[in-house]
Amino acid sequence: MTSESHVEVASDPDVTSSVQAVVLVGGKGTRLRPLTLSAPKPMLPTAGVPFLTHLLSRIQAAGITDVVLGTSFQAHVFSEYYGDGSKLGVRLQYVTETEPLGTGGGIRNVLDDLTADNILVFNGDVLGGTDVREILTTHRNSGADVTMHLVPVSDPRAFGCVPTDETGRVTDFLEKTQDPPTDQINAGTYVFRRSVIEEIPPGRPVSVEREVFPKLLSEGRHIQAHVDHAYWRDMGTPEDFVRGSADLVRGIAPSPALGDRRGESMVHDGAGVAPGAVLIGGTVVGRGAEIGPRARLDGAVVFDGAVIEAGAVVERSIVGFGARIGPRALIRDTVIGDGADVGARCELLRGARVWPGVQIPDGGLRFSTDV
Ligand code: GTP
């Protein structure tokens, strides 16, 4: 509702000179368990590449090449996959917290690797379409200590609610409030003056949302909002992960990492799809996966090497690496862990989660007595 209040300026190509990016990727991703037991959330495959690749490509496309990854949980997975970042056209550095320091502590912890005056900070689990140069332009024009990207959402209660004044200046920061005064929420991308990062206490866990922003506001410091209506989704829950993946497959969510190969479904190398199988709703089938005859996949995310047997139905669900869904099973709004085996005719509905390697026998779990 207050989107008119943002500073309207055309983005300037020079705005990215002397800017570094920090991406926070050290979270445990508990809401996406069990998938995040074996892989960090930003490394889960989405439309054929780790989720983080979409974000790094967006950073690179904006002309920013100096990127620091703030890692903690399963830190080695990132460096083993991305190395020095040259394949994506960026220069990647890794800074690892031995104990997770939280979102604010994670930003403070990379300070030694920051030489630029202005630092773009990203939560590593946001799928977005905003041109980050426009956020930097707002930051430069307002002269703020911090510029915060905000998006309007229909239900702000699960997010940081951020009211602003008529000039777009942030007036309050209400993390997960039941009574939100505005629909504008913290979109998880910020520009910090380097000097503000120096003020974050070192060596202990700090939440940027619960500690740093409230403190800056209480001191009367200038936090400027950049509000827009570009595509935005926090990929932290199974529902959002499934939706975001489908939006990438169908071209609703932009990503410089994907070419024009968008459509109702995406089938990756080495996967087999039997005749009569139906793949719709932004379904993605990973490398080496097998889809049996007459299987119906609608908004399904099938990781590499998984098997969906004949006549099974998979809707708005994630099927982990190497898992198997038996013939005529029904999987809806469910997460199936890596290597799990769901027997024939089983029904798994409404938020069910099957842990890795679990075996459910044929007909072993149903929500009705229909055969
Ligand atoms: P949940 O456990 O499901 O809430 O997920 P999460 O652990 O990823 O937390 P959240 O979604 O709130 O984190 C937002 C972003 O900050 C994600 O990209 C996380 O990877 C990152 N993050 C969260 N905690 C830390 C931390 O302690 N250190 C670092 N470096 N990053 C973190």
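Residues numbered from 1 in each chain as written. Predicted model: local features only at pLDDT ≥ 70, side-chain atom pairs only at ≥ 80, totals over all residues. Heavy atoms only, no water.

Undergrad: Help me understand the site of the ligand, please; the structure alone is not making it clear to me.
TA: For the ligand, the set of nearby residues contains 18 residues, the closest of which are L24, T30, E97, G102 and G124. In the model, an oxygen atom of the ligand is placed 2.8 Å from a nitrogen or oxygen of the R31 main chain. Contact with the protein chains covers 83% of the free accessible surface of the ligand, which is 610 Å². (Near = heavy atom within 4 Å. Polar contact = N/O pair within 3.5 Å; in protein donor to acceptor, adjacent residues only side chain to side chain. Areas by Shrake-Rupley, 256 points an atom, 1.4 Å probe, with all protein chains shown as cover.)

Undergrad: Just checking my understanding: could you explain the nonpolar core for this structure?
TA: Buried together is how nonpolar side chains tend to be arranged in soluble globular proteins. Ranked by internal contacts, the top residues of the largest apolar core, which has 31 residues, are F192 and F213. Put simply, the parts of the chain that give this core at least two residues each are β1 (19-24), β6 (118-123), β8 (146-152), β11 (184-193), α6 (194-198), α7 (208-218) and β12 (223-227). Among the elements that line this core, the one with the most residues is α7, at five residues. When residues no more than four places from it in sequence are discounted, the contact partners of F192 are I107, D117, N118, I119, V121, D145, V146, I197, V208, V212 and F213. Core analysis: the next-biggest nonpolar cluster, separate from the first, contains 26 residues, V285, V302, A312 and A323 among them. (Core = buried A, V, L, I, M, F, W, Y, C linked by side-chain atoms within 4.5 Å. Buried < 20%, exposed > 50% of the residue type's maximum accessible area, 1.4 Å probe, protein only. Helix = DSSP H or I, 4+ residues; strand = E, 2+ residues; numbered from the N terminus. Contact = heavy atoms within 4.5 Å.)

Undergrad: What's the story with the sheet that holds strand β20 (residues 301-302) in this structure? I'm lost.
TA: Two modes of strand pairing occur in sheets, parallel and antiparallel, and in both the strands are linked by backbone hydrogen bonds. Pairing is parallel in the open sheet, where six strands are placed in the order β14-β17-β20-β23-β26-β29. Looking at which strands have only one partner, the edges of the open sheet turn out to be β14 (265-267) and β29 (353-354). Across two bridges, strand β23 (residues 318-319) lies against strand β26 (residues 335-336) in parallel orientation. Across the sheet, I318 pairs through a bridge with V335, a residue of β26. (Pairing = 2+ DSSP bridges.)

Undergrad: Just checking my understanding: could you explain the environment of V307 for this structure?
TA: Among the structural elements, V307 can be located in strand β21 (residues 307-308). The partly exposed category is assigned to V307, whose relative accessible area is 25%. Sequence-wise, V307 and G322 are 15 residues apart; in three dimensions their C-alpha atoms are separated by 6.9 Å. The contacts of V307, once residues within four sequence positions are left out, are E290, A323, R324 and I325.

Undergrad: Could you clarify how one ought to interpret the side chain of D145 in this entry?
TA: Among the secondary structure elements, D145 is positioned in the loop between α5 (132-142) and β8. Separated by 3.4 Å, the side chains of D145 and R221 make a polar contact. Setting aside its immediate chain neighbours within four residues, D145 contacts H139, V191, F192, R193, V196, R221 and H222.

Undergrad: Help me understand the sheet that holds strand β22 (residues 313-315), please; the structure alone is not making it clear to me.
TA: Strand order across the open sheet formed by five strands is β16-β19-β22-β25-β28, with parallel pairing between neighbours. Lying at the two open borders of the sheet, with one neighbouring strand each, are β16 (278-280) and β28 (347-348).

Undergrad: Explain the UniProt feature "domain: Nucleotidyl transferase" (unreviewed entry) in the chain to me, please; I cannot follow it from the model alone.
TA: With numbering aligned to this structure, UniProt lists the feature "domain: Nucleotidyl transferase" (unreviewed entry) at residues 21-248. Helix makes up 30% of residues 21-248 and strand 25%, and the two end C-alpha atoms of the span are 23 Å apart. (UniProt positions renumbered as here; feature names shortened; annotations may be inferred.)

Undergrad: Explanation requested: helix α3 (residues 75-82) in the structure shown.
TA: For an α-helix, 3.6 residues make a turn, and residues three or four places apart therefore share a direction. Taken residue by residue, α3 has A75, F78 and Y82 as its buried positions. Projected onto a plane normal to the axis of α3, the buried residues spread over an arc of 65 degrees and lie on a single side. As for α3, its buried residues are in contact with β3 (49-50), α2 (51-61), β4 (66-71) and β5 (91-96). Remark: G83 follows α3 within two positions and exhibits a positive phi of approximately 55 degrees. (Arc of directions from axis to C-beta.)

Undergrad: Whenever I open this one, a nonpolar patch on the surface confuses me. Can you help?
TA: A surface patch of nonpolar side chains, amounting to about 260 Å² of accessible area, comprises L37, W355 and V358. Looking at the secondary structure, you find W355 in the loop between β29 and β30 (359-360). (Patch = residues over 30% accessible without salt bridge, like charges linked within 9 Å, V, L, I, M, F, W, Y side chains within 5 Å. Salt bridge = Lys/Arg side-chain N within 4 Å of Asp/Glu carboxyl O.)

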